[in-house]
Number of protein chains: 2
Amino acid sequence: MNVFSTLKVDLGERSYPIYIGANLIADSTLIGKHISGRKVMIVTNEFVAPIYLDAMRAALADFETDVVVLPDGESHKTLNTVNLIFDKLLEQRFDRNCTLVALGGGVIGDITGFAAASYQRGVNFVQVPTTLLAQVDSSVGGKTGVNHRLGKNMIGAFHQPRCVIADTKTLSTLSDAELSAGLAEVIKYGAIDSPDFFNWVEANIDALKSRDASALSYAIEQSCAHKARIVAADERESGQRALLNLGHTFGHAIETASGYGNWLHGQAVGAGMCMAARFSESLGWMRSDETQRLGALVRAANLPTNPPEAMRASQFMELMSVDKKVRDGVLKLVLMRGIGQSVVTADYERDALMQFLESDCAVAA
Amino acid sequence: MNVFSTLKVDLGERSYPIYIGANLIADSTLIGKHISGRKVMIVTNEFVAPIYLDAMRAALADFETDVVVLPDGESHKTLNTVNLIFDKLLEQRFDRNCTLVALGGGVIGDITGFAAASYQRGVNFVQVPTTLLAQVDSSVGGKTGVNHRLGKNMIGAFHQPRCVIADTKTLSTLSDAELSAGLAEVIKYGAIDSPDFFNWVEANIDALKSRDASALSYAIEQSCAHKARIVAADERESGQRALLNLGHTFGHAIETASGYGNWLHGQAVGAGMCMAARFSESLGWMRSDETQRLGALVRAANLPTNPPEAMRASQFMELMSVDKKVRDGVLKLVLMRGIGQSVVTADYERDALMQFLESDCAVAA
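Here goes a summary of the coordinates provided. Predicted, not measured: the structure shown is a model, and the values here were computed from it.

Time to look at the pairing of strand S13 (residues 342-345) of chain A. Residue and element names in this part refer to chain A. Note: strand S12 (residues 333-336) against S13, four bridges, orientation antiparallel. Following the sheet pairing, leucine 333 is matched in S13 by threonine 345. Hairpin geometry of S12 and S13 is characterised by an intervening segment of five residues between the two adjacent antiparallel strands and by a positive phi of about 160° at glycine 338.

Okay, structure coming up:
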């Protein structure tokens, strides 16, 4: 019997649990409760499959399972890759009553979720995130989708999973860079509206980096609880859910400009948060010592704090103009009044943003 | 001031009107009410554009409009074609607050609706159907999607339009074959559960074929009212909405086997309904004279009543096994107890279906 925590994402009839604990992938009772029908398609990638696929299939022994193994990495998060899943589902005669299981990191979760949203106009799916980033952020909340060469996550759907199974043991097989990428999203929750949690992350950053099990479990639980609360209040991002995009508008521009996969998403979010803080400071909204405090924590997590050297202000402006927070030509940004005091706002001058980007890119170059 | 009828699809906050009347494409007030934001992307095809695009753009003069002209026909109802719409939307910096307008037949409506469902995880769209088939059936109810080489409409979403504008004047530019294809869906509504409407179609089939304006308007209104009622009761097809698939399981198999576009959808539905009736008769469910009455009306509408000569029973069985009404290996069919007495059922023997198909294909060959 495994010991685990259970959180709930409260969305009426679309509510679902998040399970957090060690060795949960192998727990057949847990996943079995959330599968309807007999056929299960496990979607994973060539990095994760050799490590966790056998355990996952064993836990699903009561069902007819099949597997799609995708290439690894953000550069494969495309409509063409989703089509590989459709091919397999149709070749194997999967019907509307099937379940897809996303076994992997954020890319696998986003692709699989979109495939589940679109196959036969919507089938069930389960998230089994195997990276810190996916466990604390992307597996929860039902945002699914793929990239377009002109913008990140531009094609997708809101489609909630039936459950999220976060097996904390999988963090032992993460690279240091992947671990750090996940920490970016953990830091983000503190920076948005939880100064106490930010303090905790600061005090425990070394324990987190050295993969202390209880520190990681606590960080995952707090992050998921935070996200579940915001998603329950604003499932389709008509308001406060946009706060979760702190650092993401700058970050997505970095990812798109650098070529998907050259910066990990969490790395781009780390630098993006620091840029949001510096822009906020330049507007006179945030004190310099708070900007520096955020920068120090991002740096301590082994994440970049500056945009790529090669990027220019005009590139940022161009790429940010397709952000999903643009309304009739006006880009809303998540900016900061201080640590734990983020706001979604269009209350800044376009020229001020351009000036900030020019100076920030010049410093980085 | 145009004279038109208004019907409502009652879906709570997703409710929307269907407008039916002559010259409605040019009515700027009508469409203007249903557009949020400033940017509008008209999606149409190379056949429809030369005839109706100017009027559509003129009606949208208060907005910033742009256009995607797609190749015409069912063979282009693919994920790749949807991607052409995404390319244009992103190149032109369309944000989440934009509106897509589907100006064309069922293929354009299905593709555009799926693009709207998936672009930035969902934007608004309006249906402006220009074929009888789209006006009486596919533009209403929010089913959107594209084909896969292994099955029709296998990739898609439920995504309701903001309104449907059925301009009956567009029927004057339809080919005879397209007009007949639309009549298949009109006949279907009678065959499902409206014997009185079936009688009316029988009595007025010559007027409909000769494009009598009042007969066509009445047929469109009755069909839309019928569909709106069923969709309101069962938006996501968990029950009675499946009745609307009378003739479609056999029909989709015909379309896929023949290569998309070689049979018009309505032609396949015509033959598919007759097959459903003959199979029902072979099970002892439907009287022979009623089967013949349906066949006579389908034939009078200039539609085929038999499957393609080249198709074999085994092909039907194979293609029907991926139908969206399959649950755990069991295919539900829409069968008939009589004209206006259709039922969704799995209460038939697989062997009986195979036997029926063998004999029906042998007769056709």
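The discussion continues.
Residue and element names in this part refer to chain B. One non-glycine residue, glutamine 120, lies in positive phi territory at about 50°. Residue placement: glutamine 120 occurs in the loop between helix H4 (106-118) and strand S6 (124-129). Note on glutamine 120: relative accessible area 0%, which makes it buried. One non-glycine residue with positive phi stands out, namely aspartate 328, at about 50°. Secondary-structure assignment places aspartate 328 in the loop between strand S10 (326-327) and strand S11 (330-331).

The operation relating chain A to chain B is a screw motion whose rotation component is 180°, with 0.0 Å of axial translation and a residual RMSD of 0.0 Å. Interpreted geometrically, this transformation is the action of a two-fold axis. When each C-alpha of chain A is compared by its distance to the rotation axis, leucine 79 of chain A comes out closest, at 4.0 Å. Same-surface contact between copies: 100% of interface residues of chain A are shared with the interface of chain B.

Attention now moves to the interface of chain A and chain B. In this complex, chain A contributes 40 residues to the contact, which on the side of chain B involves 40 residues. Roughly 3,900 Å² is buried in total at the junction of chain A and chain B, and carbon and sulfur atoms are behind 50% of that figure. When the buried surface of chain A facing chain B is broken down by residue, Arg96, Arg121 and Asp328 of chain A rank first, second and third, together holding 22% of it. Seen at the junction of chain A and chain B, the total is 19 residue pairs in polar contact (both at pLDDT 80 or more). When contributions to the side of chain A that touches chain B are tallied by element, the ones reaching two or more residues are helix H3 (79-91), helix H4 (106-118), strand S7 (143-148), strand S8 (151-158) and strand S10 (326-327) of chain A. Residues that form the side of chain A that touches chain B fall into these classes: 13 nonpolar, 11 polar and 16 charged.

How each quantity is defined
Residues numbered from 1 in each chain as written. Chains lettered and ligands numbered in written order. Predicted model: local features only at pLDDT ≥ 70, side-chain atom pairs only at ≥ 80, totals over all residues. Heavy atoms only, no water. Pairing = 2+ DSSP bridges. Helix = DSSP H or I, 4+ residues; strand = E, 2+ residues; numbered from the N terminus. Buried < 20%, exposed > 50% of the residue type's maximum accessible area, 1.4 Å probe, protein only. Least-squares fit on C-alpha atoms with pLDDT ≥ 70 in both. Contact = heavy atoms within 4.5 Å. Buried area = accessible area lost by both parts, 1.4 Å probe. Polar contact = N/O pair within 3.5 Å; in protein donor to acceptor, adjacent residues only side chain to side chain. Nonpolar A, V, L, I, M, F, W, Y, C, P; charged D, E, K, R; others polar.

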